[in-house]
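Residues per chain are reported as follows:
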Amino acid sequence: MKPTHDPETCRALVERLSEYLDEELPPDLCARIESHLDDCPPCRAFLESLRNTVRWLDTLPSETMPEELRRELSRRLRKLPHAD
Amino acid sequence: MPAPSEEAALLERIRRDEPGAFEEFVGRWQDRIYAFGLRMCGEREDALDVLQETLLAAYRSLKTLENPEALKAWVFRVAANACLMKRRKGKYEPEGELSLEELVPREAEALGPPIPDPGALPEEDVARRRLQETVRRAILELPPQYRIVLALRDLEELSTRETVEILGLEPSAVKMRLHRARLMLRKKLQDALRPATGQRP
């Protein structure tokens, strides 16, 4: 039985954590990762920090186009030749 | 976003040169393409150029687009290329890439400070705003080939398959770049969260 915190195992797991978060891994690999996470607090902490990093991306305010740029775009588009 | 059937109807109207059809296309897409360009380029003027180039390409080519299902991928492919062509060195352009060694701690004690769940911080919280600004800047500091994958997957919420189609990469390359981009952001967030006295030189 491998030690709970074998650096090579942890490193291999960390490489797949985005796929794990995105539910893109096959079930058997997912189960192996979950089993390791149960026994390895540092990997759990790493996963949590990665999960929260992705959550921060969701919080960014939406960028709306300023009115002067809308007007500028309309001006540029008006220069397009009209279709026949 | 409009349903695929609405996109198909609009594309058909554009093909028939119906008055107002292209303008409707512009109205549907301009905010999303602008926001994407701004996240990728960091400057409003560059985002406007990206939007203009995308709309010009659409004006020239949409009539020949056979498959309405492919519209979203087509739009983002053009916009992504326009972003990547803006090669001039911006103020956020990174000087070098971080190695994986720097991104993944070797030892448990080097894990770094925990990153808070943003859901646990009130909307108006100062720390929340500061970390949002850190994230915004950190995205712009990513090498472009990583930034584009992160922007498509995590900001535009496109699937791996759609991103593969847009960038012409293998799925394994999309997944690797996304993971590495997230690891870079994680590190930047941790650097911002480290107490000033504990910062490494």
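Residues numbered from 1 in each chain as written. Chains lettered and ligands numbered in written order. Predicted model: local features only at pLDDT ≥ 70, side-chain atom pairs only at ≥ 80, totals over all residues.

**Thoughts on the overall build of chain B**
Okay, step 1: What chain B contains, in helices and strands, is 9 helices and 0 strands.
Okay, step 2: Sequence-ordered secondary structure for chain B, helices as α and strands as β, is α-α-α-α-α-α-α-α-α.
Okay, step 3: Residues counted as buried form 31% of the 201 residues belonging to chain B.
Okay, step 4: Put simply, of all contacts in chain B between residues at least 6 apart along the chain, 68% involve residues at least 24 apart. (Helix = DSSP H or I, 4+ residues; strand = E, 2+ residues; numbered from the N terminus. Buried ≥ 20, exposed ≤ 12 C-beta atoms within 10 Å, placed from the backbone. Contact = placed C-beta atoms within 7 Å.)

**What about the overall build of chain A?**
Okay, step 1: In terms of helices and strands, chain A carries 5 helices and 0 strands.
Okay, step 2: Overall, chain A shows an N-to-C arrangement of helices and strands of α-α-α-α-α.
Okay, step 3: Residue burial in chain A is summarised as follows: out of 84 residues, 15% are buried.

**What to know about the interface of chain B and chain A**
Okay, step 1: Contact with chain B, which involves 37 residues of that partner, is made by 31 residues of chain A.
Okay, step 2: Those elements giving two or more residues to the side of chain B that touches chain A turn out to be helix 2 (21–41), helix 3 (44–61), helix 6 (126–141), helix 7 (144–155) and helix 9 (171–193) of chain B.
Okay, step 3: Top contributing element to the side of chain B that touches chain A by residue count: helix 9 of chain B, with 7 residues.
Okay, step 4: Grouping the amino acids of the side of chain B that touches chain A by side-chain chemistry returns 21 nonpolar, 6 polar and 10 charged. (Nonpolar A, V, L, I, M, F, W, Y, C, P; charged D, E, K, R; others polar.)

**Some details on the environment of Thr-53 of chain A**
Okay, step 1: By secondary structure assignment, the location of Thr-53 of chain A is in helix 4 (residues 41–58).
Okay, step 2: Leave out the neighbours within four places in its chain, and Thr-53 of chain A touches Ile-115, Arg-182, Leu-185, Arg-186 and Leu-189 of chain B.

**Description of the confidence of the model for chain B**
Okay, step 1: In the predicted model, chain B carries a mean pLDDT of 86, and 85% of its residues have values of at least 70.
Okay, step 2: In the predicted complex, the global pTM is 0.87; the interface-specific ipTM is 0.87. (pLDDT = per-residue confidence, 0-100.)

**Considering helix 6 of chain B**
Okay, step 1: Between its first and last C-alpha, helix 6 of chain B extends 23 Å over 16 residues, near the 22 Å set by a 1.5 Å rise per residue.
Okay, step 2: Three or more residues of helix 6 of chain B are buried, namely Leu-131, Ala-138 and Ile-139 of chain B. Down the axis of helix 6 of chain B, the buried set is contained in an arc of 100°. They therefore lie on one face. For helix 6 of chain B, exposure combined with an orientation more than 90 degrees from the buried face picks out Val-126, Arg-130 and Glu-133 of chain B.
Okay, step 3: Where helix 6 of chain B is buried, its residues contact helix 4 of chain A together with helix 2, helix 7 and helix 9 of chain B. (Expected span 1.5 Å × (residues − 1). Arc of directions from axis to C-beta.)

**With respect to the packing of helix 4 of chain A against helix 9 of chain B**
Axis angle and axis distance: for two packed helices, these are the angle between their axes and the distance between the axes, and together they describe the pair.
Okay, step 1: Where helix 4 of chain A meets helix 9 of chain B, the closest approach of the two axes is 9 Å, and the angle between their N-to-C directions is 90°. As the angle between them shows, helix 4 of chain A and helix 9 of chain B are arranged roughly perpendicular. Listed contacts from helix 9 of chain B to Ser-49, Leu-50, Thr-53, Val-54 and Trp-56 of chain A of helix 4 of chain A are Arg-182, Leu-185, Arg-186 and Leu-189 of chain B.
Okay, step 2: The residue makeup of the contact of helix 4 of chain A with helix 9 of chain B, split by class, is 5 nonpolar, 2 polar and 2 charged. (Axes fitted to C-alpha atoms, helices over the stretch in contact; angles between N-to-C directions. Parallel < 35°, antiparallel > 145°, perpendicular 65-115°, else oblique.)

**Concerning the confidence of the model for chain A**
When pLDDT drops low, the exact placement of atoms in the prediction is not to be read closely.
Okay, step 1: Of all residues in chain A, 89% attain a pLDDT of 70 or more, and the chain-wide mean is 87.
Okay, step 2: Element-level pLDDT for chain A is lowest in helix 5 (residues 67–78) of chain A, with a mean of 85, against a maximum mean of 97 in helix 2 (residues 17–21) of chain A.

**Considering unusual backbone geometry**
Leave glycine aside and you will find that most residues have negative phi; peptide bonds, for their part, are mostly trans.
Okay, step 1: With phi around 55°, Glu-23 of chain A is a residue other than glycine that occupies positive phi space.
Okay, step 2: Residue position: Glu-23 of chain A is located in the loop between helix 2 and helix 3 (27–39).
Okay, step 3: Positive phi is not limited to glycine here, since Glu-157 of chain B has a value of about 60°.
Okay, step 4: Mapped onto the secondary structure, Glu-157 of chain B falls in the loop between helix 7 and helix 8 (160–167).
Okay, step 5: Given 10 C-beta atoms within a 10 Å radius, Glu-157 of chain B is considered exposed.

**Digging into the environment of Glu-6 of chain B**
Residue and element names in this part refer to chain B.
Okay, step 1: Structurally, Glu-6 is set in helix 1 (residues 4–15).
Okay, step 2: Glu-6 gets classed as exposed once you count the C-beta atoms within 10 Å, which come to 12.
Okay, step 3: Taking the C-alpha atoms as reference points, Glu-6 and Pro-68, 62 residues apart in sequence, are found 9.4 Å from one another.

**Overview of helix 3 of chain B**
Within an α-helix, residues lying three or four positions from one another point in the same direction, as the helix has 3.6 residues per turn.
Okay, step 1: Look at helix 3 of chain B: 26 Å from first C-alpha to last across 18 residues, which is about the 26 Å you get at 1.5 Å a residue.
Okay, step 2: Taken residue by residue, helix 3 of chain B has Ala-47, Leu-48, Val-50, Leu-51, Thr-54, Leu-55 and Ala-58 of chain B as its buried positions. Considered in projection along helix 3 of chain B, the buried side chains sweep an arc of 160° and stay on one side of the axis. Pointing more than 90 degrees away from the buried face of helix 3 of chain B are the exposed residues Glu-45, Arg-60 and Ser-61 of chain B.
Okay, step 3: Buried positions along helix 3 of chain B lie against helix 5 of chain A together with helix 2 and helix 4 (71–85) of chain B.

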